[in-house]
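# Architecture and fold: a report
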Amino acid sequence: MENRGSFATKIGVILATAGSAVGLGNIWRFPYMTGQNGGAAFIAVYFVCILLLGIPGVIAEFVIGRHSGTNAARAYRNLSLKGPWGLIGYMGVFTSMIILGFYAVIAGWCLQYLFASLTAKINGDVVYVQQYFKEFSSNPIEPTCWTICFILLTHFVVVRGVRNGIEKASNILMPTLFVLLVIIVIASCSLPNASKGIEFLFQVDWSKLSSSVIFDALGQAFFSLSLGTACLCTYASYFNRQTNLVKSAVVIALIDSFIAILAGLMIFPAAFSIGVNPDSGPSLIFITLPNVFYQVFSGVPVLGNIISVLFYFLLSLAALTSTISMHEIGTAFFYEELKIPRKQGACIETAVCMVIGILCSLSFGANQFLTEFIANKSFLDCCDYLTSNILLPLGSFFTCIFLGWFVSKKIVKDEFTNWGTLKSTFYGIWIFTVRFICPVLIALIFLRQLGIIKI
Ligand code: PHE
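Keep in mind the model is a prediction, meaning the values are calculated, not measured.

Take the overall build of the protein next. Secondary structure assignment for the protein yields 19 helices and 0 strands. Whereas a compact globule of 455 residues would reach a radius of gyration of roughly 23 Å, the protein reaches 21 Å, a difference of no more than 12%. On the principal axes, the C-alpha backbone points of the protein span a range of 65 × 50 × 45 Å. A sequence separation of at least 24 residues applies to 83% of the contacts in the protein between residues at least 6 apart.

The subject of this paragraph is the site of the ligand. Close to the ligand lie 16 residues, the nearest being Gly23, Gly25, Ser226, Cys231 and Ser322. Broken down by secondary-structure element, the contributors of at least two residues to the shell around the ligand are helix 1 (10-21), helix 2 (24-36), helix 5 (86-118), helix 10 (211-225) and helix 14 (301-337). Split into classes, the residues belonging to the shell around the ligand amount to 6 nonpolar, 10 polar and no charged.

Here we take up the nonpolar core. One finds Val58 and Ile59 to be the most contacted residues of the largest nonpolar core, which totals 151 residues. Not counting residues within four places of it along the chain, the set of residues in contact with Ile59 comprises Leu245, Val246, Ala249, Phe416 and Trp430.

When pLDDT is averaged along the protein, the result is 90; 94% of the residues meet or exceed 70. Here the prediction assigns the complex a pTM of 0.93, and the interface score ipTM is 0.98.

Before going further, it helps to examine unusual backbone geometry. In most cases, non-glycine residues show a negative phi, while peptide bonds are predominantly trans. Here Asn193, not a glycine, exhibits a phi torsion of approximately 65 degrees, which is positive. As for its placement among the helices and strands, Asn193 is situated in the loop between helix 8 (162-189) and helix 9 (194-202).

Take the environment of Asn71 next. Structurally, the position occupied by Asn71 is in the loop between helix 3 (40-68) and helix 4 (72-79). Each C-alpha atom of the pair Asn71 and Ser237 lies 7.4 Å from the other, and the pair is 166 residues apart in sequence.

Below, the discussion takes up the packing of helix 14 against helix 15 (residues 342-361). Direction vectors running N to C along helix 14 and helix 15 enclose 130 degrees, while the axes themselves pass 8 Å from each other. Considering the angle they form, helix 14 stands oblique to helix 15. In this structure, helix 14 crosses over helix 15, and the sense of that crossing is right-handed. Here His327, Gly330, Thr331, Phe334 and Tyr335 of helix 14 come into contact with helix 15, specifically with Arg342, Gly345, Ala346, Ile348 and Glu349. Of the residues contributing to the contact of helix 14 with helix 15, the split by class is 4 nonpolar, 4 polar and 2 charged.

For the rest of this paragraph, the subject is the packing of helix 3 against helix 10. Helix 10 packs onto helix 3 with a crossing angle of 45 degrees between their chain directions and a minimal axis gap of 8 Å. By the angle between their axes, helix 3 is oblique relative to helix 10. When you trace helix 3 past helix 10, the crossing you get is right-handed. Residues Ala41, Phe42, Val45, Tyr46, Cys49, Ile50, Leu53, Gly54 and Val58 of helix 3 form the contact with helix 10, whose participating residues are Val213, Ile214, Asp216, Ala217, Leu218, Gln220, Ala221 and Leu225. The residue makeup of the contact of helix 3 with helix 10, split by class, is 14 nonpolar, 2 polar and 1 charged.

What follows is about helix 18 (residues 409-416). By the burial criterion, the buried members of helix 18 are Val412, Glu415 and Phe416. In an axial view of helix 18, the angular spread of the buried residues amounts to 95 degrees, which keeps them on one side of the axis. Those residues of helix 18 that are buried are in contact with helix 3, helix 12 (245-274), helix 17 (379-406) and helix 19 (424-449).

Here we take up helix 6 (residues 126-137). Along its 12 residues, helix 6 runs 16 Å from first to last C-alpha, staying within 8% of the 16 Å computed at 1.5 Å per residue. What helix 6 keeps buried is the set Val129, Phe133 and Ser137. Buried positions in helix 6, seen along its axis, are confined to an arc of 50 degrees and lie on one side of it. Exposed residues lying more than 90 degrees from the buried face of helix 6 are Val127, Gln131 and Glu135.

This part is about the environment of Lys343. Within the element layout of this structure, Lys343 appears in helix 15. The exposed category is assigned to Lys343, around which 12 C-beta atoms lie within 10 Å.

What follows covers the environment of Thr371. When you line up the elements, Thr371 lands in helix 16 (residues 368-371). Judged by the 18 C-beta atoms lying within 10 Å of it, Thr371 falls in the partly exposed class. Placed 50 residues apart in sequence, Thr371 and Thr321 show a C-alpha to C-alpha distance of 28 Å. In this view, Thr371 contacts Ser363, Phe364, Gly365 and Ser378; residues no more than four positions away in its chain are not counted.

What counts, and at which threshold
- Residues numbered from 1 in each chain as written.
- Predicted model: local features only at pLDDT ≥ 70, side-chain atom pairs only at ≥ 80, totals over all residues.
- Helix = DSSP H or I, 4+ residues; strand = E, 2+ residues; numbered from the N terminus.
- Rg over C-alpha atoms; globule rule 2.2 N^0.38 Å.
- Contact = placed C-beta atoms within 7 Å.
- Near = placed C-beta within 6 Å.
- Nonpolar A, V, L, I, M, F, W, Y, C, P; charged D, E, K, R; others polar.
- Core = buried A, V, L, I, M, F, W, Y, C linked by C-beta atoms within 7 Å.
- Buried ≥ 20, exposed ≤ 12 C-beta atoms within 10 Å, placed from the backbone.
- pLDDT = per-residue confidence, 0-100.
- Axes fitted to C-alpha atoms, helices over the stretch in contact; angles between N-to-C directions.
- Parallel < 35°, antiparallel > 145°, perpendicular 65-115°, else oblique.
- Left-handed = near helix turned anticlockwise from the far one by under 90°.
- Arc of directions from axis to C-beta.
- Expected span 1.5 Å × (residues − 1).

This is the structure in structure tokens:
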């Protein structure tokens, strides 16, 4: 059997896993979800979800992955002597394929914007940019080609193996993206009336709280942390014995949330300043940002173009570090579980994701049926809702039940405490959360959303 490889350095572990977590979920999805759910109240619930459900859930997946050192399905099965627990791994593989499909569409839009800003095609006022977005996203050919391109790019990196591809890329890209985000936040906050956007982000209006806001915040927290797809479990299978799982989980959640807030600070001050509706949906960043680049740097338009090119380049790369992690789940599964050679396994994963990606890409106006797929929601929206709001929380729910109730306590404690190097009081709090708080909270949020209970 081929050597599975592992991450070379401690910082490599953090950066690669953070690379999976940080992506379009933070920069594209977080702002548009916040905008659609009324702002600060959504963010408050989102943070509660990260703290109470996210971090304990991430540690749980890490424990399972590192202990087993194998693909998601086998990892779950190895840890349980009986029961259908391997199905959680199968579900993760399925979920990550759908996510990769629609994610690649948005990543493809980033590539399109990268080239459009190279040729200064998106320099114009709000109405112009809105029109530009509408025309290109409803085109049947262009965005679909970008989607395919992006999936092929992911395929190429994954096939080269863990250390060469994933780790090297993440080490350089993450810090650069961060610096650029800070620059754009400053630019956005310097626009006239920017303070309205900051208020929208931080001044909590509890009257906006509803069960669907809570449900969306839950989905966003899981999506953003890459939690519930067995992605973290797959990555943790490449961790070494010295990796401190608790510290890694906390650092990753901090980086991830911080980037999401930066993305909010980048989008909303600008959106309020130039009059873009915060609830514009998936197109929000693609309409708002070109205007920031265009307006703030109107004195020196070339500078605006350079920043814009750099931004879409780095955003595409951030998306790539996430798509690599999604692709790796399926590839490791086909290779180790179904015994299909790694390269062929990767090809199957790529082919399935491409079909989903193409359907999603055509659901922005190119094809009527896909555009109004269910209840007037596009096929892409449906895939997003199904995975983020339903499959990811369910994946994490079952993981918590499994780890908390069915796995040997000794194994769990040993992994968690790195064989005694960590205070065991933390362990007590964490295992209590995993056994009781996470499953009960997730169940309550689901029941409330379904209207079965009213709390
Ligand atoms: N967390 C990633 C992001 O925020 C998306 C992702 C979800 C990656 C699930 C892997 C698995 O962009």
